[in-house]
Every structure is written in structure tokens, then in C-alpha cells.
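Spelled out, the chains give:
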Amino acid sequence: AVKSLSKTGAGFGRMEKLSIGNVDVRIILVKNPVGLSRALDYLCTRKDTFRAVFCLNDRINDGTDISWIWDADFDRFADCCRETGSSVSVAGTRAADMGLRLKYAGFPENSISLYETMDDLAESIRDADCPVCVLPNYTAMLEIRERLAAGQRVRYLPFRGYSMLPMLRQGIDTVELAPLPEQLSKYDLPVYQYPSGKYVMHRILKVRKDSVMLYLQ
């Protein structure tokens, strides 16, 4: 059991850890008051200074009723941030609503940074001087992940899978993604995304005129 647990990794956007340049970023997907309350409990266990970014959209895939944010337990969160010197930011189509929720949770209005676009938020995260914890709902997560990775070298933790042994070892090695070169070559390791949102990496065995052959196991 212990061996199995040691190989457990974070899922897509669920406590997922990225390294954007020199900034450690943790993405914590929140879609309901219980999940948000547990995420806030996790943040309150941290003893370091961090930045919490709440990204709230109200698109169809999210559900247009965002009143659930008022049912989440923010009682200790403002005190935890004051103790660690941590800050909060908001973004998304309903950023103002999340900002209001934080205000009622005890954050002074002038201490809440609001970003009009995900591009502006992504740029600020890349320039952060402390770890960043992003708490988005579903479509906001997809948007901010895409923008954080755009044109950047991104180190993804943890790596999962066995098809790349012995070159890549689950739980030991990390994967750094770089912008796509103009032309792929034999033995390159491209990363592509399934319609489900899952990211997969496979080695190129052969490059053809209009396609490539991948190693699948």
C-alpha cells in the first residue's frame, strides 16, 4: 500500500504543481463550496508567504449560478493570510463577485488585486516573487493553464507513466516543456492533448512528409 501511495500523482488541475520559470504554481480546481472549503483549509496549513488567485467563470460548463461561493468556509482564511503575509487576487468573468466574497471574508477591498484578463493574470504570475496557488473553476482552469504555458518553458510535476522507461522514471524525473520547434525530428518527445483535456507524451520514431509515427505502449 505504501509503495502504491508513493506513486500517486496529482490529476489534471487537482493539486497540480507547475514550475513557471522560477515560480512554483499550484493549481487547485474548485467547483463547489465543499471543494473550495477544503482548498482553503489546505492554504491555511501553509506557513510560507504565498499568493492565492481565485479564478471564477460562469460559463455553461461551470454552471451560471455562482452563489455557491457564499457557502464556502472563509472564516479562518483572512487570518491565515495575515499571519503569513500572503495576498489574494481575483480573475475571470465573475471576478468582481469573488472580490466581494473576499471583502466580506475580511480582506480590505484595496488589498484584493483584480485582473481584467487571463493574459494579464498569467503575466503577473510569471513575475511573482513567491509561490502562487491558483483556485479556478473548470473553464477558468483551462484558460489560465493554457496562458501560463504559452511560449514558456514549463516544468511539470509529477511525471506519471512507464512507457518512457528507463529514460523517464515515474516519481523521480520531471518533464520540462518548451515551445514547439518549427519542425519535429526523430526521437523528439511531443506533448499533445486529447479532447478530454488529458496531456500525453510519446517519442517520435519516424518523421514522414505529412505525419509522424509515435511509439505507443
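Above this note sits the structure.
Residues numbered from 1 in each chain as written. Predicted model: local features only at pLDDT ≥ 70, side-chain atom pairs only at ≥ 80, totals over all residues. Heavy atoms only, no water.

1. Section: the side chain of Thr139
Part 1 of the reasoning: Note that Thr139 resides in helix H6 (residues 138–149).
Part 2 of the reasoning: Classification of Thr139 by relative accessible area gives buried; the value is 8%.
Part 3 of the reasoning: Within polar-contact distance, the side chain of Thr139 engages the side chain of Asp62 at 2.5 Å.
Part 4 of the reasoning: For Thr139, the contacting residues outside a window of four places in its chain are Asn57, Arg59, Asn61 and Asp62. (Helix = DSSP H or I, 4+ residues; strand = E, 2+ residues; numbered from the N terminus. Buried < 20%, exposed > 50% of the residue type's maximum accessible area, 1.4 Å probe, protein only. Polar contact = N/O pair within 3.5 Å; in protein donor to acceptor, adjacent residues only side chain to side chain. Contact = heavy atoms within 4.5 Å.)

2. Side note on the nonpolar core
Part 1 of the reasoning: Membership of the largest hydrophobic core comes to 30 residues, with the highest contact counts inside it found for Leu36, Phe54, Phe74, Phe77, Val88, Phe107 and Leu135.
Part 2 of the reasoning: At the level of elements, helix H2 (33–45), strand E3 (51–55), helix H3 (77–84), strand E4 (87–91), helix H4 (95–105) and strand E6 (132–136) are the ones that each hand at least two residues to this core.
Part 3 of the reasoning: The leading source of residues in this core is H2, at five residues.
Part 4 of the reasoning: If we ignore the near neighbours within four places in the chain, the residues touching Val88 are Ala52, Phe54, Phe77, Cys81, Leu102, Phe107, Ser111, Ile112 and Ser113.
Part 5 of the reasoning: Counting 20 residues, the second-largest nonpolar core is a separate cluster that includes Leu18, Val53, Ala122 and Met141. (Core = buried A, V, L, I, M, F, W, Y, C linked by side-chain atoms within 4.5 Å.)

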